[in-house]
Amino acid sequence: MVSQVVSNRVSVRVPAKINLALAVGPRADDGYHPLTTVFEAVSLFDELQVEATDAAGISVKVTGLGAEHVPTDPRNLAVQAAQLLADTFEIDTDGLAITIRKGIPVSGGMAGGSADAAGALLACSVLWDIDIDADEIRALAAELGSDVPFALLGGTAIGTGRGTELVPVLNRGRRHWVLVFGESGLSTAEVYRRFDELRPDGCELEVPDDLMAALTAGPVTKLADSLRNDLAEAALDLRPELADTLAEGVDVGALAGLLSGSGPTCAFLCADESAAIDVSGRLSRSLPPDRVRRVTGPVPGARLLG
Ligand code: ATP
């Protein structure tokens, strides 16, 4: 095993995602649900730094939003990503220090853990000067989790299979969203279990044609009318109060409210920047301001910093 350190420290920034559409089929024998989804990367980020030190093994330190809920041992998805990359390219991981600054809510339905896995793949491939091509890094990302390849790619993309088969979607302009973070996280596994009980035959696996059309042409109101999330019913069943949050966002001026992935983050699509400023201001009157965030999408996937 060789350590091929060319630079001591590498930093990356990786976006959160929302799903403009999330169509979920019936649970397969392997436990996974086939998906057809439209991902959008939004301007809410985790930052990761990887550094070569003299210490033994891999260490991970987590700060920021919800850091206390993130494991700092081999269960951490960034550690798993670094380890998978190291095993694949026979790199010695001794002395790898990973620092994660969370901006993406933990268990928020915004794929924060996947973002960290994608960030670790990118950052460690640079730290270790690995000659890895786009297909290889995508394949490793797909091994790590359904949302990891999209965190690398970013933008807006259709995801099929487990969500790892991606096709970028060309679309016009920038969308303005207001996010409301949950008071506490919601387990994705629990939401899927409830989905299986409520929808044993799953839902139809297609992205609405009107949503695809709305991404390329027409007013943003058209997109607002075609957003879809098949996990919403199950998530709202587990957290009925989310229905009030979704209604409140629309009451104060959003075009539409949507649960992000498995929730509990609510995403509100707004007509333009000034509408988003207004909606976030009004929501901040009834909610703790640190639970309300204005973001835009689409944004690029994992990027090196500095
Ligand atoms: P998704 O939208 O992909 O279903 P999520 O956004 O709801 O996921 P995450 O924040 O990605 O949820 O992670 C949820 C679980 O993963 C938590 O139990 C958390 O402790 C664990 N986890 C492991 N590593 C990380 C990490 N680096 N960041 C966040 N959570 C992590």
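Per an unreviewed UniProt entry, the protein is named 4-diphosphocytidyl-2-C-methyl-D-erythritol kinase, and its organism is Naumannella halotolerans. In its Pathway (unreviewed entry) section, UniProt records this for the protein: "Isoprenoid biosynthesis; isopentenyl diphosphate biosynthesis via DXP pathway; isopentenyl diphosphate from 1-deoxy-D-xylulose 5-phosphate: step 3/6." According to the UniProt record, the Catalytic activity (unreviewed entry) comment for the protein reads "4-CDP-2-C-methyl-D-erythritol + ATP = 4-CDP-2-C-methyl-D-erythritol 2-phosphate + ADP + H(+)".

(A) Main features of the site of the ligand. Around the ligand lies a shell of 22 residues, among which Ala 111, Gly 112, Gly 113, Asp 116 and Thr 188 are the nearest. For the shell around the ligand, the elements supplying multiple residues, two or more each, are helix H1 (77-89) and helix H2 (112-127). A per-element tally of the shell around the ligand places H2 first, with 4 residues. Per-class residue counts for the shell around the ligand are 8 nonpolar, 11 polar and 3 charged. When residues of the shell around the ligand are assigned to domains, at least three fall in each of domain 1 (9-169) and domain 2 (175-297).

(B) Representation of the UniProt feature "domain: GHMP kinase N-terminal" (unreviewed entry) in the protein within the structure. UniProt marks residues 76-155 with the feature "domain: GHMP kinase N-terminal" (unreviewed entry), using the numbering shown here. With 57% helix and 9% strand, residues 76-155 has its two end C-alpha atoms placed 25 Å apart.

(C) Local environment of helix H3 (residues 134-144). When H3 is considered as a whole, its buried residues turn out to be Ile 137, Leu 140, Ala 141 and Leu 144. Looking straight down H3, one finds its buried side chains confined to an arc of 105°; they lie on one side. Those residues of H3 hidden inside the fold are in contact with H1, H2 and helix H4 (148-153).

Here is what the cut-offs are and how they apply
Residues numbered from 1 in each chain as written. Predicted model: local features only at pLDDT ≥ 70, side-chain atom pairs only at ≥ 80, totals over all residues. UniProt positions renumbered as here; feature names shortened; annotations may be inferred. Near = placed C-beta within 6 Å. Helix = DSSP H or I, 4+ residues; strand = E, 2+ residues; numbered from the N terminus. Nonpolar A, V, L, I, M, F, W, Y, C, P; charged D, E, K, R; others polar. Domains from an automatic or database assignment. Buried ≥ 20, exposed ≤ 12 C-beta atoms within 10 Å, placed from the backbone. Arc of directions from axis to C-beta. Contact = placed C-beta atoms within 7 Å.

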